[in-house]
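What the coordinates show
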Amino acid sequence: MSHLIAPSMLAADFSNLKKDIDLVNNSEADWFHLDVMDGVFVPNISFGVPVIKAIKKHTTKTLDVHLMIVNPDKFIDDFKKAGADVLTVHYEACPHLHRTVQAIKASGMKAGVSLNPHTPVAVLEDIITDLDLVLIMSVNPGFGGQSFIENTYKKIIQLKDLILKSGSEALIEIDGGVNAQNTPKLLAVGADVLVAGSFVFKSDNPTQTIADLKNI
Ligand code: DX5
Ligand code: ZN
């Protein structure tokens, strides 16, 4: 499988969201990456269910929803109804992660788990075969436009090893500070899905930037 590109709408123009939705629709992007922040789990508030519902009306591409919220279990059905296809929760926000993952899958969505930069890959050992996706944060969650943390490469290698040894089919998604410079190495060590916010939307030609990332 060739790698997937998931532009993060956090860096889109919220005053003209339809324009950036169409831009992604008409680009080589595979997924929409949608960052939900509650101001509790992370020190920032972004958007939630109504905005995701609005985006769903204008696209047939996969909606990849990244929940940076406490108590995600409370909202699983709401995100399903809003149109999420992949729902990713944070390991650090889920004391009963197995139950949360099963609830996401029971609702008909793909289940992802995200790890903060300080959280070792090994914590997923006993749940990896239940996961459709693991999102490795390559910045501290909460904001776009931060610098990529180099330790991420090591974590991807460890995760790839865990996936291969366990027979898991989980995709490896990388989120934060992704650009054309670090993409070749991210792909070489095993990344399957690349999230890119600022690098896409702050560029002069976002459509071309998406194509560049897709064709590396
Ligand atoms: C950060 C979010 C990211 C963010 C990435 O908490 O999870 O998805 O939008 O933005 P860039 O690509 O600008 O680092
Ligand atoms: Zn994200």
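Values in this document were obtained by computation on a predicted structure and should not be read as measured data. (Residues numbered from 1 in each chain as written. Chains lettered and ligands numbered in written order. Predicted model: local features only at pLDDT ≥ 70, side-chain atom pairs only at ≥ 80, totals over all residues. Heavy atoms only, no water.)

Further remarks concern helix α1 (residues 17–25). Buried residues of α1: L17, D20, I21, L23 and V24, and no others. When α1 is viewed along its axis, its buried side chains cluster within an angular range of 160° and face the same direction. Against the buried residues of α1 lie β1 (4–7), β2 (31–37), α2 (49–56), α7 (198–201) and α8 (206–214). (Buried < 20%, exposed > 50% of the residue type's maximum accessible area, 1.4 Å probe, protein only. Helix = DSSP H or I, 4+ residues; strand = E, 2+ residues; numbered from the N terminus. Arc of directions from axis to C-beta. Contact = heavy atoms within 4.5 Å.)

For the rest of this paragraph, the subject is the packing of aromatic side chains. One pass over the structure, following the stated rule, counts 2 aromatic pairs. Taken together, a centroid distance of 6.0 Å and an interplanar angle of 85° make the contact between F14 and F47 edge-to-face. One end of the pair, F14, is in the loop between β1 and α1; the other, F47, is in the loop between β2 and α2, and 33 residues separate them in sequence. Look at F148 and Y153: their rings are 5.2 Å apart centre to centre, the planes differ by 50°, and that puts the pair in the tilted class. The class for F148 is buried, based on a relative accessible area of 13%. Classification of Y153 by relative accessible area gives buried; the value is 9%. Over the ring of Y153 we find K185, and its NZ or CZ is 4.2 Å from the ring centre. (Phe/Tyr/Trp six-rings, centres within 6.5 Å; stacked < 30°, edge-to-face > 60°. Lys NZ or Arg CZ within 6 Å of the ring centre and 35° of its normal.)

A few words on the coordination of the zinc ion (ligand 2). Protein coordination at the zinc ion (ligand 2) comes from H33 (NE2), D35 (OD), H66 (ND1) and D175 (OD), with a distance range of 2.0 to 2.3 Å. Around the zinc ion (ligand 2) sit 6 donor atoms; with metal-centred angles ranging over 70 to 170°, the donor geometry is octahedral. Donor residues for the zinc ion (ligand 2), ordered by position in the chain, follow H-x1-D-x30-H-x108-D. One end of the pair, H33, is in strand β2; the other, D175, is in strand β7 (residues 171–175), and 142 residues separate them in sequence. The buried category is assigned to D175, whose relative accessible area is 8%. (Donors = N, O, S within 2.8 Å, 3.2 Å for Na, K, Ca; no water. Tetrahedral: all angles 85-135°; square planar, octahedral: opposite > 155°, others 65-115°.)

Moving on: the side chain of S107. Examined against the element boundaries, S107 turns out to sit in the loop between α4 (97–106) and β5 (110–115). For S107, the side chain forms a polar contact with the main-chain oxygen of I104, separated by 2.8 Å. If we ignore the near neighbours within four places in the chain, the residues touching S107 are I76, D77 and K80. (Polar contact = N/O pair within 3.5 Å; in protein donor to acceptor, adjacent residues only side chain to side chain.)

Here the focus is the pairing of β7. The buried fraction of β7 amounts to 5 of the 5 residues, a majority that puts the element mostly inside the structure. Residues L171, E173 and D175 of β7 are buried on one face, and the alternating residues I172 and I174, pointing to the opposite face, are buried as well. Direction of pairing for strand β6 (residues 133–137) relative to β7: parallel, over a ladder of 5 bridges. The residue of β7 that forms the bridge with L133 is L171. Sheet topology note: the β7/strand β8 (residues 193–196) ladder contains 3 bridges and is parallel. Within the sheet, the bridge partner assigned to D175 lies in β8 and is V195. The parallel pair β7 and β8, bridged by helix α6 (residues 183–189), forms a crossover whose chirality is right-handed. (Pairing = 2+ DSSP bridges. Right-handed = clockwise from strand over helix to strand, strands pointing away.)

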